Amino acid sequence: MFAEEEEARHFHSIVHAFKEYKKHTLQWIQLCENNWANIPAHQRALLDDDMKAKFVSMRTAAKHNGHFIDFLLVDNVHLFANEDPPSSSSSSSLSEMCSHHHYGDGSDHGPKLSDIEKVKSTLRQFVRDWSVVGQEERHQCYGPILRELAQRFPVTPEGPDTRPRNEMRVLCPGAGLGRLAMDITAMGFNCEGNEFSYFMLIASNFILNKSSRVNEFTLFPFLHQNVNVLRTEDQLAPVRVPDVLPSQMITPGVEFAMSAGEFVETYRYVPPASLRQF
């Protein structure tokens, strides 16, 4: 029981970090603006950018990301709770529980700074896994796996293993937002993705199950990248997701699933051969 309570507390701390993203980001932008105002005028003149306009655009982007997170959390607040869907009163109670906190160091006064950073990282993960912008990176990191599967198990079975792809099952640990696992499913394999991070699980559940059209959502994932940036336009570039509709990537007769948990713990039990699936 204690372990379950700790797990629930951990999960709600992740939800709270998502909820606090906009507030934290607006505070960070205000700090940047204050620091800018304290720079001597002759030094500010060395920059050609209209910084006041940039700060306005940054706030707009932060609020837009906040709205995206609101969509992301709609059905995810109680994602792993063993309970019936919450009533409006219970949802209000959770919101009240979170809203009285203040941004801080992970005590009762707010989420951990590291959790806020993971929220930012999750936003960037959408770029790699579910946008046109991330296509080249996916080709580099997922391509070798997909090509190996295609070579070992061609559409027309050859060699000693003559099973068709839809009778094979592929396990994808560390699945993140589920794109690699979904690409494997699109090849005709049954695939199960496994992920430990609640940040990834919340985000993957949203993009895999709640998307209804291509490029449905817009976010600003590079907003917090304020070093090694050549142009303001690069930092404030919008990215649209998903580049493909996940529900249309699954072919008939093929199964796709995501499991939550630490890999070794989740797959520790080895069933008899007659029951083995993976």
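Our structure is the block above this text.
Every value quoted in this text rests on a predicted model; they were computed, and no experiment measured them.

> Looking at this structure, I do not really get helix H7 (residues 143–152). What am I missing?
Think of an α-helix as turning once every 3.6 residues; residues three or four places apart then point the same way. Turning to H7, its buried residues number three or more, namely Gly-143, Leu-146 and Leu-149. Down the axis, H7 shows its buried residues gathered within 135 degrees of arc, on one side only. Residues Gln-151 and Arg-152 are exposed on H7 and point more than 90 degrees away from its buried face. As for H7, its buried residues are in contact with helix H6 (135–141) and helix H8 (179–186).

> It is not clear to me how the side chain of Lys-120 should be interpreted in this structure. Could you clarify?
Structurally, Lys-120 is set in helix H5 (residues 113–130). Taking the relative accessible area as the measure of exposure, Lys-120 reaches 8% and is therefore buried. Contact partners of Lys-120, with chain neighbours within four places excluded, come to Tyr-21, His-24 and His-224.

> Would you mind showing me how to read the side chain of Asn-190 here?
Looking at the secondary structure, you find Asn-190 in strand S2 (residues 190–195). We classify Asn-190 as buried; its relative accessible area is 5%. A polar contact is formed between the side chain of Asn-190 and the backbone oxygen of Met-168, at a distance of 3.0 Å. Beyond its immediate stretch of four places on either side in the chain, Asn-190 contacts Arg-165, Asn-166, Glu-167, Met-168, Arg-169, Val-170, Gly-253, Val-254 and Glu-255.

> How should H5 be read in this particular structure?
The terminal C-alpha atoms of H5 lie 26 Å apart, and with 18 residues this matches the ideal 26 Å at 1.5 Å per residue to within 8%. Listed in full, the buried residues belonging to H5 are Asp-115, Ile-116, Val-119, Lys-120, Thr-122, Leu-123, Gln-125, Phe-126, Val-127, Asp-129 and Trp-130.

> So what exactly am I meant to see when it comes to the pairing of strand S1 (residues 169–173) here?
One face of the sheet, then the other: side chains in a regular strand alternate in exactly this way. Residues Val-170 and Cys-172 of S1 are buried on one face, while the alternating residues Arg-169, Leu-171 and Pro-173, pointing to the opposite face, are not. The pairing of S1 with S2 spans five bridges and is parallel. From the neighbouring strand, Arg-169 faces S2, where its bridge partner is Asn-190. Regarding the hand of the β-α-β motif, the stretch spanning S1, H8 and S2 is right-handed.

> Is there a simple way to explain the sheet that holds S1 in this structure?
Two strands in a sheet stick together by hydrogen bonds in their backbones, pointing the same way (parallel) or opposite ways (antiparallel). Read from one edge of the open sheet, three strands run S1-S2-S5, paired in parallel fashion. Every other strand in the sheet has two partners, leaving S1 and strand S5 (256–260) as the edge strands with one partner each. Ignoring strand direction, the axes of neighbouring strands in this sheet form an average angle of 20 degrees. Along the sheet, H8 contacts S1, S2 and S5; its crossing angle with S2, the most-contacted strand, is approximately 175 degrees. Taken strand by strand, helix H9 (residues 198–209) contacts S2 and S5, and its axis lies near 160 degrees from that of S5.

> What should I look at first to understand the packing of aromatic side chains in this one?
Aromatic ring pairs are defined here through the distance separating the ring centres and the angle between the ring planes. According to the stated counting rule, one finds nine aromatic pairs in the structure shown. An angle of 50 degrees between the planes, with centres 5.7 Å apart, marks the rings of Phe-18 and Phe-199 as tilted. Of the two residues, Phe-18 sits in helix H1 (residues 2–37) while Phe-199 sits in helix H9, which places them 181 residues apart along the sequence. Aromatic pair Phe-71 and Phe-217: ring centres 6.2 Å apart, planes at 50 degrees, arrangement tilted. Of this pair, Phe-71 sits in helix H3 (residues 51–73) while Phe-217 sits in strand S3 (residues 217–219), and the two are 146 residues apart along the sequence. Residue classification places Phe-217 among the buried positions, given a relative accessible area of 9%. Linked through ring pairs, Phe-68, Phe-71, Phe-126, Phe-206 and Phe-217 together constitute an aromatic cluster. The aromatic ring of Trp-130 is capped on one face by Arg-179, whose charged end is 4.8 Å from the ring centroid.

> Explain the packing of H5 against H9 to me, please; I cannot follow it from the model alone.
In helix packing, the relevant descriptors are the interaxial angle and the interaxial distance, both defined with respect to the helix axes. Between H5 and H9, the shortest axis-to-axis distance is 10 Å and the interhelical angle comes to 40 degrees. By the angle between their directions, the pair H5 and H9 is classed as oblique. By crossing handedness, the relation of H5 to H9 is classed as right-handed. Where H5 approaches H9, its residues Asp-115, Lys-118, Val-119, Thr-122, Gln-125, Phe-126 and Trp-130 are matched on the opposing element by Phe-199, Met-200, Ala-203, Phe-206, Ile-207 and Leu-208.

> Sorry if this is basic, but what is going on with the pattern of salt bridges here?
Once their charged atoms are close, side chains differing in charge can pair, the charge on each being opposite to the other. Going through the model one piece at a time under the given rule, you end up with 13 salt bridges. One salt bridge in this structure joins Arg-59 and Glu-33, with 2.6 Å as the shortest N-O distance. Of this pair, Arg-59 sits in helix H3 while Glu-33 sits in helix H1, and the two are 26 residues apart along the sequence. A residue is classified by how much of its surface remains accessible, and Glu-33, at 23% relative accessible area, is partly exposed. Beyond isolated ion pairs, a larger network of salt bridges with shared partners links Arg-138, Arg-179, Asp-183 and Asp-243.

> What should I look at first to understand the nonpolar core in this one?
A general trend in soluble globular proteins is that nonpolar side chains are found buried together. Counting residues in hydrophobic clusters, the biggest one holds 43 residues, and the most contacted among them are Phe-18, Phe-68, Leu-72, Phe-126 and Val-241. Within the residue set of this core, elements represented by two or more residues are H1, H3, H5, H9, S3 and strand S4 (239–241). Setting aside its immediate chain neighbours within four residues, Phe-18 contacts Ile-69, Leu-72, Leu-73, Val-119, Thr-122, Phe-199 and Ile-202. Among the nonpolar cores identified, the runner-up in size contains twelve residues, and Val-170, Cys-172, Leu-180 and Cys-191 belong to it.

Quick notes on the rules
Residue positions are counted from 1 within each chain, in the order its sequence is given. In keeping with the model being predicted, local features are shown solely for residues with a pLDDT of at least 70 and side-chain atom pairs are shown and tallied solely at 80 or more, while totals for entire chains, interfaces and linings include all residues. For the side-chain quantities, the full set of heavy atoms in the structure was used; hydrogens and water were omitted. Each residue is assigned to one of three classes by its accessible area relative to the maximum for its type, calculated with a 1.4 Å probe on protein chains only: buried under 20%, partly exposed between the two thresholds, exposed over 50%. Here a helix means four or more residues in a row that DSSP labels H or I, a strand means two or more in a row labelled E, and each is numbered from the N terminus. Here the arc refers to the set of directions running from the helix axis out to each C-beta atom. Note on contacts: a residue pair is in contact if any heavy atoms of the two residues lie within 4.5 Å. A 3.5 Å cut-off defines polar contacts: any pair of N or O atoms within that distance qualifies, except that in protein one atom must be a possible hydrogen donor and the other a possible acceptor, and neighbouring residues in sequence count only when both atoms are side-chain atoms. By this rule, a helix spans an expected 1.5 Å times one less than how many residues it contains. A pair of strands is labelled paired if DSSP reports no fewer than 2 bridges between them. With its strands directed away from the observer, a crossover is right-handed exactly when the path from the first strand over the helix to the second travels clockwise. Note on method: axes are straight lines fitted to C-alpha atoms, helices fitted across the in-contact stretch only, with angles between N-to-C directions ranging 0 to 180 degrees. Working definition: a ring pair exists when centres of Phe, Tyr or Trp rings (six-membered ring for Trp) sit within 6.5 Å. Plane angles under 30 degrees give stacked, over 60 give edge-to-face, the rest tilted. Whether a charge sits over a ring comes down to the Lys NZ or Arg CZ being within 6 Å of the ring centre and within 35 degrees of the ring normal. Any angle between 65 and 115 degrees counts as roughly perpendicular, while under 35 counts as roughly parallel, over 145 as roughly antiparallel, and the rest as oblique. By the definition used in this description, the sense in which the near helix is turned from the far one sets the handedness, with an anticlockwise turn below a right angle giving left-handed and a clockwise turn giving right-handed. Within this document, salt bridges are pairs made up of a side-chain nitrogen of Lys or Arg and a carboxyl oxygen of Asp or Glu, the two lying within 4 Å of each other. Nine residue types can take part in a nonpolar core, namely buried Ala, Val, Leu, Ile, Met, Phe, Trp, Tyr and Cys, and a core is a set of them joined through side-chain atoms within 4.5 Å.

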